[in-house]
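Residue-level structural notes
So you can see what is in the structure, the chains are spelled out below.
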Amino acid sequence: MKKPTAKIREEIARLQEQLKQAETRDAERIGRIALRAGIGEIEIEEADLLSAFEEVASRFRGETKPAQGRKPATTPPNGAGEAAGQSAEA
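Residues numbered from 1 in each chain as written. Predicted model: local features only at pLDDT ≥ 70, side-chain atom pairs only at ≥ 80, totals over all residues. Heavy atoms only, no water.

1. As for the overall build of the protein
For the record, the criterion: The way it works is that DSSP assigns letters per residue, a run of H or I at least four long becomes a helix, a run of E at least two long becomes a strand, and they are numbered from the N terminus. Burial status follows relative accessibility: with a 1.4 Å probe on protein chains alone, a residue under 20% of its type maximum counts as buried, one over 50% as exposed, and anything between as partly exposed.
The secondary structure content of the protein amounts to three helices and zero strands. Shown N-terminal to C-terminal, the secondary structure of the protein runs as helices and strands in the order α-α-α. When each of the 90 residues of the protein is scored for burial, the buried share is 13%.

And the structure:
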């Protein structure tokens with residue numbers, strides 16, 4: 001039996017809220033760690049900081065090449081932009 005469209009929309013809205021909460025938790029965790037490491041006190045361009053975070057992520061994923069030359073997404077995955085001082089609403 002097929003689900004009514006309204007039920008599917010409700011489920012999508014619920015899942016989007018769960019995703020938003022998970023991204024916020026991730027961003028807060030990463031932000032706290034970055035601040036403890038002293039990132040907040042360094043004057044660095046956002047693109048350079050994003051590149052450095054991508055290199056760290058690739059290192060821990062076990063990738064052989066650093067993630068260079070990638071264009072930053074408008075909304076970084078897992079709210080990473082929020083950890084770098086960007087707001088999700090911006």
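Following the structure, the description resumes.
2. Notes on the pattern of salt bridges
Threshold: Salt bridge criterion: a side-chain nitrogen from Lys or Arg within 4 Å of a carboxyl oxygen from Asp or Glu.
By the definition in use, this model includes one salt bridge. Across the pair glutamate 11 and lysine 3 runs a salt bridge whose closest N-O atoms are separated by 2.6 Å.

3. Remarks on helix H2 (residues 46-61)
Residues three or four positions apart in an α-helix share a direction because the helix packs 3.6 residues into each turn. What counts, and what does not: One less than the residue count of a helix, multiplied by 1.5 Å, gives the span that helix is expected to have.
Across its 16 residues, H2 extends 22 Å between first and last C-alpha, which sits within 8% of the 22 Å expected from 1.5 Å per residue. Of all the residues in H2, the buried ones are Leu49, Glu54 and Ser58.

4. Observations regarding helix H1 (residues 5-36)
If you check H1, its first and last C-alpha atoms are 46 Å apart, about what 32 residues at 1.5 Å a residue would give, namely 46 Å. Immediately downstream of H1, the backbone of glycine 38 shows phi near 90 degrees, a positive value.

5. Structural notes on the confidence of the model for the protein
What counts, and what does not: Residue-level confidence of the predictor is what pLDDT reports, using numbers from 0 through 100. A contact between two residues is defined here by any heavy atoms of the two lying within 4.5 Å.
Looking at the protein as a whole, the pLDDT averages 81, with 70% of positions reaching at least 70. Within the protein, the lowest mean pLDDT, 46, falls on helix H3 (residues 80-83), and the highest, 97, falls on H1. Here residues 72-90 is modelled with pLDDT under 50, and outside its nearest four sequence neighbours on either side it reaches 17 contacts, counting other chains as well.

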